[in-house]
Each structure stands twice: as C-alpha cells, then as structure tokens.
Amino acid sequence: MKALVKSKAEEGLWMERVPVPEIGPNDVLIKVKKSAICGTDVHIWNWDQWAQKTVPVPLVTGHEFMGEVVEVGSAVSEYKPGQRVSGEGHIVCGHCRNCRAGRGHLCRNTLGVGVQRAGTFAEYVSLPQHNVVPIPDDVPDEIAAIFDPLGNAVHTALSFDLVGEDVLVTGAGPIGIMGALVAQSVGARKVVITDINPGRLELARKVGVQHTVNAAEEKLPDVMTRIGMTEGFDVGLEMSGAAPAFRDMIDAMNNGGKIAILGIAPTGFEIDWNKVIFKMLTLKGIYGREMFETWYKMIALVQGPLDVSGIITHRIGIDDYKGGFEAMRSGTASKVVMDWE
Ligand code: NAD
Ligand code: ZN
C-alpha cells in the first residue's frame, strides 16, 4: 500500500510502498478515505528535537483520519466491513490504575498512532477495536477526519461549565477556533479569541467567533472595556502554547477563574504565580480526548449546533501532500484534509 513514511532521520516525509498492516484478533483494519494534517505531523516533518526523541524511524505517520472498515479480527463482533469509522489515536494500556478505573485518557502508558506506532497517512491502518469510533450517517467525511483535533477542542472547552460565562481563548489556530465555537455553541456569554497572526484572526471572524483580538496591537483590558466586561474572564482556554499569551490570560482572569491548558509551551517559561494564588485560579492540563466521553459529546455537537467546516482551508488529493505540508508550515492553512481516493 501507499503510505507517508518517516523513513530517514531528517527533514521530510516520503511516499513509499509498505505492507498492509496485519491485524490481531482484537483489531480492525480500516481503509483510510480522508486524513488531515496536525501540528504534530509538521513537527515530525521538520524533525525537531521533540520528534527526534519521540518517533522511531521508519514509521508510517498521521493520526487524524476517517475511513471504512475492511476486515475485523476473530474476537471483533461490534464492527462490520463497510462501516464508516474514525478512531481514537491514543492507544492506552488497559492495566494501569487509571485505565482500570475507566479513565483511559489518564493512562500512564499511552502510545500515539502515527507517533509511536503505524499511523493513518496510509491506504490502510490497523486499530484495536477499543479505539474505533463509528460515524453517524449525517456527519460528513471531512468532519469525521478532524475529530481528533476537534476532540482536543471539545475536551478543553467542556472542562469547565461555560453557560453564561465569559471565555477567553488564546491562540486562533484550528483548535483555538474550534474551542471558541464550542464555547459559543454551549451557551457562553462573551467569547474572545486572541492571536498575533492576522490571517488566523480573519478566519476566526469568518467562521463566526464573537470577538477577535490581535494581541500584538490591542491590550485585553481595553478590549474588555470595549465589549462591556467590567470584571474579568471566568474561563480561559489556552490554545497557543505561547508564554506571553498565557501571561496575558492570567492577567485578564476574574478572581476564581478557571483555565484549561492545551497549548504546549516551551519548558521552563515563567508566570507570576502570586497572581494564580491571589486570584485563586484553577489550572487544568489537557491531553488528548476523554475516552470516550469527549467523542460522544463532540458527535452530538456536530449533529447539533456546532459547525466547524469553515476551518478546513485546504482540500487536496494525497498526491499533493507536499503542498499541504507547505501550507501548514507557512501558517497559511488552518486545517488541510487529504483525500486518499
Ligand atoms: P497552532 O500552532 O496552529 O495555533 C497556535 C496559535 O497561537 C497560532 O495561530 C499562533 O499565531 C498563536 N499565538 C502565538 N503567540 C500568541 C500570542 N502571544 N497570543 C495569542 N496567540 C498567539 O496550534 P493548534 O494546532 O491550533 O494547537 C493549539 C496548541 O495545542 C498547540 O500548542 C499544540 O501544540 C497544542 N496541542 C496540544 C494537544 C494536547 O493534547 N495537549 C493536542 C493537540 C495540540
Ligand atoms: Zn493505562
């Protein structure tokens, strides 16, 4: 089969022919129809320090996808060939304390599809049946292909009650924009998103985020006055991984505010801890998606009030993958969906 492989320990990904993955008794073989490019895939392409210490070479990459079941292992009864599915890209151990308590997202031994084991930038991928998620008929293929990052946004946004709350999202990348749209869908009062890249803010406006702020040009206290906020934000969703954004957020929170942190910041960055203490803030780290509560909620949201189709800026055939990665690396793309058919 064709697959995008990290076959050399250097910058790039290469389209190669590799064997179709074998399946065990508990696995499902899926024919990939669409896959999307994540920031993580760009790190793997760039072969930065994180990628060098995390990704074994050679490896079939990619983890955002949807497709169709083609074969199931002897112990699988839930899934049938022809069924449309996506899947959770974190493979958990099933035997650590958290896994046994039903909190798979807190597993200590998580392995990433397309990061530590064969991924979805391929004509076929094998997943444990536990990780497979069926797609309802009314959910379009391209939305199912971005369930993984949408799940990040939903997990982060739904970490705290948002009904009637004022919400600050720092970072208008695809996940930040989706997080803002989730907040609006579930009844937040004011939703403000910040970025320093005008193109990303323009996309946020275009898809209907209430208030967009260029953090390089305007200070949050001025924005708050302009939009009629007198106290501070109740909930923060950190989606930039940028230390200055996180510091701005801490400054703009109301006393007792709650912050969910998805963005991966540089190691050792500084914040003013006294502000966290005297404002009595709650900070919560977020990794991946809750298994499988996030998936249930996300699917219900896209079947209902949530429309995230506007963040797909590029729809390309798989043979144009280099252009897709170029658009991601230059920051001109939000979500790039690649068609394998
Ligand atoms: P992205 O890099 O596309 O978006 C981040 C955005 O933050 C960019 O648009 C950037 O311009 C903006 N930014 C930079 N400095 C800023 C500042 N000072 N103020 C406001 N915005 C600023 O990333 P993404 O794909 O949307 O993902 C969001 C973050 O979540 C990234 O840090 C990513 O690494 C991380 N992530 C974490 C998980 C997890 O499980 N914890 C999963 C996926 C992604
Ligand atoms: Zn575990």
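The rules behind the values
- Residues numbered from 1 in each chain as written.
- Chains lettered and ligands numbered in written order.
- Predicted model: local features only at pLDDT ≥ 70, side-chain atom pairs only at ≥ 80, totals over all residues.
- Pairing = 2+ DSSP bridges.
- Helix = DSSP H or I, 4+ residues; strand = E, 2+ residues; numbered from the N terminus.
- Axes fitted to C-alpha atoms, helices over the stretch in contact; angles between N-to-C directions.
- Contact = placed C-beta atoms within 7 Å.
- Domains from an automatic or database assignment.
- Nonpolar A, V, L, I, M, F, W, Y, C, P; charged D, E, K, R; others polar.
- Near = placed C-beta within 6 Å.
- UniProt positions renumbered as here; feature names shortened; annotations may be inferred.
- Buried ≥ 20, exposed ≤ 12 C-beta atoms within 10 Å, placed from the backbone.

Caption draft 1: Focus on the sheet that holds strand β2 (residues 14-17). An order of β2-β1-β4 is seen for the 3 strands of this open sheet, with the pairing classed as antiparallel. With partners counted over all chains shown, the strands left at the sheet margins are β2 and β4 (59-60), one partner each. In this sheet, β2 lies alongside strand β1 (residues 2-6) in antiparallel orientation, the contact comprising 4 bridges. Residue pairing for β2: Lys2 is matched across the bridge by Arg17.

Caption draft 2: Quick peek at the sheet that holds strand β11 (residues 167-170). As summarised here, the arrangement of the 6 strands in space is β13-β12-β11-β14-β15-β16, forming an open sheet in which the pairing is parallel. Strand pairing shows two members of the sheet lacking a second neighbour, β13 (211-214) and β16 (282-285), which therefore form its edges. When strand polarity is set aside, the average angle formed by the axes of neighbouring strands in this sheet is 20 degrees. Of the strands in this sheet, β12 (191-195) and β13 are in contact with helix α7 (residues 198-206), which crosses β13 at around 175 degrees.

Caption draft 3: Molecular detail of the domain arrangement of the chain. Per the domain assignment, the segments of the chain are domain 1 (2-146 + 308-339) and domain 2 (156-285). When grouped by side-chain class, the residues that make up the side of domain 1 that touches domain 2 number 2 nonpolar, 4 polar and 1 charged.

Caption draft 4: Just the site of ligand 1, in detail. Neighbouring ligand 1 are 27 residues, the closest being Gly171, Gly173, Ser240, Gly241 and Ala242. Elements that contribute at least two residues to the shell around ligand 1 include exactly α6 (174-185), β12 and α9 (243-252). If one sorts the elements of the shell around ligand 1 by residue count, α6 sits on top with 3 residues. Along the lines of polarity and charge, the residues of the shell around ligand 1 split into 13 nonpolar, 12 polar and 2 charged.

Caption draft 5: Examining the UniProt feature "binding site: NAD(+)" (unreviewed entry) in the chain more closely. The UniProt feature table records "binding site: NAD(+)" (unreviewed entry) at Ile175, Asp195, Arg200, Leu262, Gly263, Ile264, Ile286 and Tyr287. A maximum C-alpha distance of 23.3 Å shows the annotated residues, which cover 113 residues in sequence, to be distributed over more than one spot. By secondary structure assignment, the location of Arg200 is in helix α7. Residue Arg200 is classed as buried on the basis of its 22 C-beta neighbours within 10 Å. In this view, Arg200 contacts Ala172, Gly173 and Asp195; residues no more than four positions away in its chain are not counted. Along the chain, Ile264 turns up in the loop between β15 (253-261) and α10 (273-278).

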